[in-house]
Amino acid sequence: MMPTSAIQDLHELYDYLDAAIQLEHATLPPYLVALYSVHPGTNPDAVQILRVVAVEEMLHLTIAANVLNAVGGKPDLNAPGFVPAYPTHLPSGETDFEVGTGAFTPAALETFLKIERPGMSGRGARQLIAKARNRSGSFLGRHPRDSGWSYYSIGDFYNAIRDGLRTLEEEARKSGGTIFTGEPSRQVTSEYYYSGGGKLRAVTDLDSALAALELVIEQGEGEDHGIWSGDGELSHYYRFQQLQLGRYYEPGDMEPGRPTGAEIKIDWDAVYPVKPNIKLSDFPPKSELLGVAKAFNDAYRRFLDLLTQSYNGRPELLLEAVPFMFSFRNMVNELIRNPLPGGGNAAPTFEV
């Protein structure tokens, strides 16, 4: 018989929250490469949406780290296999699509919609599936602890974590304890991070943990599967859908798929033809371009180290980390604007 909760003990909770951190990060390289593949000065609507979503994914990553810290875990973005080899499946278990890096194209936009799609809310959200691994054999592509649990959406995955938090805290309270034993000083709050949508608050107990994860779900897929998040911001899914439908949602719009606002035009030709899922092995040996790609990977490794320190007692470093994420632009531009001998343009490889 299928258990009522996928999370049966504190170690499994740690695994799920580790996967949540890895999940939020796994969306960043695809979004950033698509963002920087757009020709400068063109497609302002797409550029703005991609940039805002990337910043909010950083917010979600930080929320997942806060929850893990609150229950006594330790976020580690330097762990082997943390950065996936693209293309990859997401660790929330969706098997009907892979996520890769590449240019901003209609196909990429379709993938972004799948990443952010609304959950099924009880309509078969949890499924038992065959275990899968991505090509690198990393944690991505399989579910925590190989339990066989899989989820249709990121929102369904986070709801499983919320169920686990409730179950484990209820059991702990029966004996006069709590699972929220983490050091409060390791919490990252809004004074260290700014995002246009949602406040970053300390996680100290069950209520604050559930509220924090609800914010992640709402920003991704909308409140109760509606267009808007709880704070009145357009959710990620519908931000991307605007680009697909060619029109903005207006504040009064409530019907999904029927925006009534200003028209959006996308020039798909104003995008550099980035080689999909590029690897260092695709670069000419000993070339200057290969040197730039390696330098980017070194910088990205420093970025992940900065985040790890931020989530392990030095939250003030997050004030440097988010701007640092966008400071890669010069290196990225040098890569993306140059064609490779075998076809397609160069791009960051994220081989950390």
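Residues numbered from 1 in each chain as written. Predicted model: local features only at pLDDT ≥ 70, side-chain atom pairs only at ≥ 80, totals over all residues. Heavy atoms only, no water.

**Student:** Can you help me understand the overall build of the protein chain in this one?
**Tutor:** Along the protein chain, the regular secondary structure elements total 10 helices and 2 strands. Within the protein chain, buried positions represent 56% of all 352 residues. Across the protein chain, every contact between residues at least 6 apart in sequence was considered, and the portion connecting residues at least 24 apart equals 71%. As presented, the protein chain carries roughly 14700 Å² of accessible surface, and 50% of it is formed by carbon and sulfur atoms. (Helix = DSSP H or I, 4+ residues; strand = E, 2+ residues; numbered from the N terminus. Buried < 20%, exposed > 50% of the residue type's maximum accessible area, 1.4 Å probe, protein only. Contact = heavy atoms within 4.5 Å. Areas by Shrake-Rupley, 256 points an atom, 1.4 Å probe, with all protein chains shown as cover.)

**Student:** How do you make sense of the pattern of salt bridges when you look at a structure like this?
**Tutor:** Side-chain pairing between opposite charges can occur once the charged atoms of the two side chains come close. Taken as a whole, this structure holds 8 salt bridges when the rule is applied. Notably, a salt bridge pairs Glu316 with Arg314, separated by 3.4 Å at the nearest N-O pair. For Glu316, a relative accessible area of 34% puts it in the partly exposed group. For Arg314, a relative accessible area of 40% puts it in the partly exposed group. (Salt bridge = Lys/Arg side-chain N within 4 Å of Asp/Glu carboxyl O.)

**Student:** What is the right way to look at unusual backbone geometry in this model?
**Tutor:** Among all residues save glycine, negative phi is the norm, and among peptide bonds the norm is trans. In this chain, Tyr86 is followed by Pro87 through a cis amide linkage whose omega measures 5 degrees. Located in the positive-phi region is Asn43, a residue other than glycine, with phi close to 45 degrees. Tracing the backbone through its elements, the reader meets Asn43 in the loop between α2 (28-37) and α3 (44-70). For Asn43, a relative accessible area of 6% translates into the label buried.

**Student:** For this particular structure, what's the right way to read the environment of Glu250?
**Tutor:** By the secondary structure assignment, Glu250 is in the loop between α7 (236-245) and α8 (288-310). A sequence separation of 12 residues divides Glu250 from Ala262, and the C-alpha atoms of the two residues are 8.4 Å apart. With residues up to four places along the chain from it excluded, the contact list for Glu250 reads Trp228, Thr260, Gly261 and Ala262.

**Student:** How do you make sense of the packing of helix α5 (residues 154-174) against helix α6 (residues 206-221) when you look at a structure like this?
**Tutor:** In helix packing, the relevant descriptors are the interaxial angle and the interaxial distance, both defined with respect to the helix axes. Orientation of α5 relative to α6, taken along the N-to-C sense of each, is 175 degrees, at an axis distance of 10 Å. Between α5 and α6, the angle is such that the two are roughly antiparallel. Seen from α5, the contacting residues are Gly155, Tyr158, Asn159, Ile161, Arg162, Leu165, Arg166, Glu169 and Arg173; seen from α6, they are Leu206, Ala209, Leu210, Leu213, Glu214, Val216, Ile217 and Glu221. For the contact of α5 with α6, the class distribution of residues is 9 nonpolar, 2 polar and 6 charged. (Axes fitted to C-alpha atoms, helices over the stretch in contact; angles between N-to-C directions. Parallel < 35°, antiparallel > 145°, perpendicular 65-115°, else oblique. Nonpolar A, V, L, I, M, F, W, Y, C, P; charged D, E, K, R; others polar.)

**Student:** What is the right way to look at the packing of α3 against α6 in this model?
**Tutor:** Closest axis-to-axis distance for the α3/α6 pair is 9 Å, and the angle between their directions is 155 degrees. In this view, α3 runs roughly antiparallel relative to α6, as classed from their interaxial angle. Crossing of α3 against α6: the hand is left-handed. On the side of α3, the interface is formed by Glu56, Leu59, His60, Ile63 and Val67, while α6 contributes Ala212, Leu213, Leu215, Val216 and Gln219. Of the residues contributing to the contact of α3 with α6, the split by class is 7 nonpolar, 2 polar and 1 charged. (Left-handed = near helix turned anticlockwise from the far one by under 90°.)

**Student:** Please clarify how the packing of aromatic side chains should be interpreted in this entry.
**Tutor:** Two numbers describe a pair of aromatic rings. These are the distance of the centres and the angle of the planes. The tally for this structure, following the rule as stated, stands at 16 aromatic pairs. The interplanar angle of 85 degrees and the centroid separation of 4.9 Å between the aromatic rings of Tyr237 and Tyr238 together place this pair among those described as edge-to-face. Like Tyr238, Tyr237 is buried. Cluster of aromatic residues (ring-pair linked, three or more members): Phe296, Tyr300, Phe303, Phe328 and Phe350. Its end group placed over the ring of Tyr152, Arg117 keeps NZ or CZ at 4.0 Å from the ring centre. (Phe/Tyr/Trp six-rings, centres within 6.5 Å; stacked < 30°, edge-to-face > 60°. Lys NZ or Arg CZ within 6 Å of the ring centre and 35° of its normal.)

**Student:** How should I be thinking about α2 in this particular structure?
**Tutor:** One turn of the α-helix equals 3.6 residues, which is why residues spaced by three or four share an orientation. The buried fraction of α2 is high, at 10 of 10 residues. Along α2, the residues that are buried comprise Leu28, Pro29, Pro30, Tyr31, Leu32, Val33, Ala34, Leu35, Tyr36 and Ser37.

**Student:** Any chance you could explain the environment of Leu77 here in plain terms?
**Tutor:** Here Leu77 lies in the loop between α3 and α4 (106-115). Along the chain, Leu77 and His25 lie 52 residues apart, while their C-alpha atoms are 9.0 Å from each other. Setting aside residues no more than four positions away along its own chain, Leu77 makes contact with Ile21, Leu61, Phe82, Leu304, Leu307, Thr308 and Tyr311.

**Student:** Explain helix α10 (residues 329-336) to me, please; I cannot follow it from the model alone.
**Tutor:** Turning to α10, its buried residues number three or more, namely Val332, Asn333, Leu335 and Ile336. Angular distribution of buried residues about the axis of α10 spans 160 degrees; they occupy a single face of the element. Lining the buried residues of α10 we find α2 and α8. (Arc of directions from axis to C-beta.)

**Student:** What is the right way to read the environment of Leu35 from this model?
**Tutor:** With respect to the secondary-structure elements, Leu35 resides in helix α2. Overall, Leu35 belongs to the buried group, its relative accessible area being 4%. Spatially, the C-alpha atoms of Leu35 and Ala103 are 8.0 Å apart, while their sequence positions differ by 68 residues. In contact with Leu35, other than residues within four places in its own chain, are Val47, Leu50, Arg51 and Phe326.

**Student:** Got a minute to help me understand the confidence of the model for the protein chain in this structure?
**Tutor:** The predicted coordinates ought not to be read in detail in places where the model reports low pLDDT. With 88% of its residues at a pLDDT of 70 or more, the protein chain has an overall mean of 86. This model gives residues 122-146 a pLDDT under 50, and the stretch forms 69 contacts once residues within four places in sequence are excluded. (pLDDT = per-residue confidence, 0-100.)

**Student:** Just to check I follow, could you spell out the side chain of Arg186 for this structure?
**Tutor:** If you trace the backbone, Arg186 turns up in the loop between α5 and α6. As a buried residue without a salt bridge, Arg186 has its nearest oppositely charged side chain in Glu183, at a separation of 7.7 Å. A polar side-chain atom of Arg186 sits 2.5 Å from a polar atom in the side chain of Asn312. (Lys, Arg positive; Asp, Glu negative; His and termini not counted. Polar contact = N/O pair within 3.5 Å; in protein donor to acceptor, adjacent residues only side chain to side chain.)

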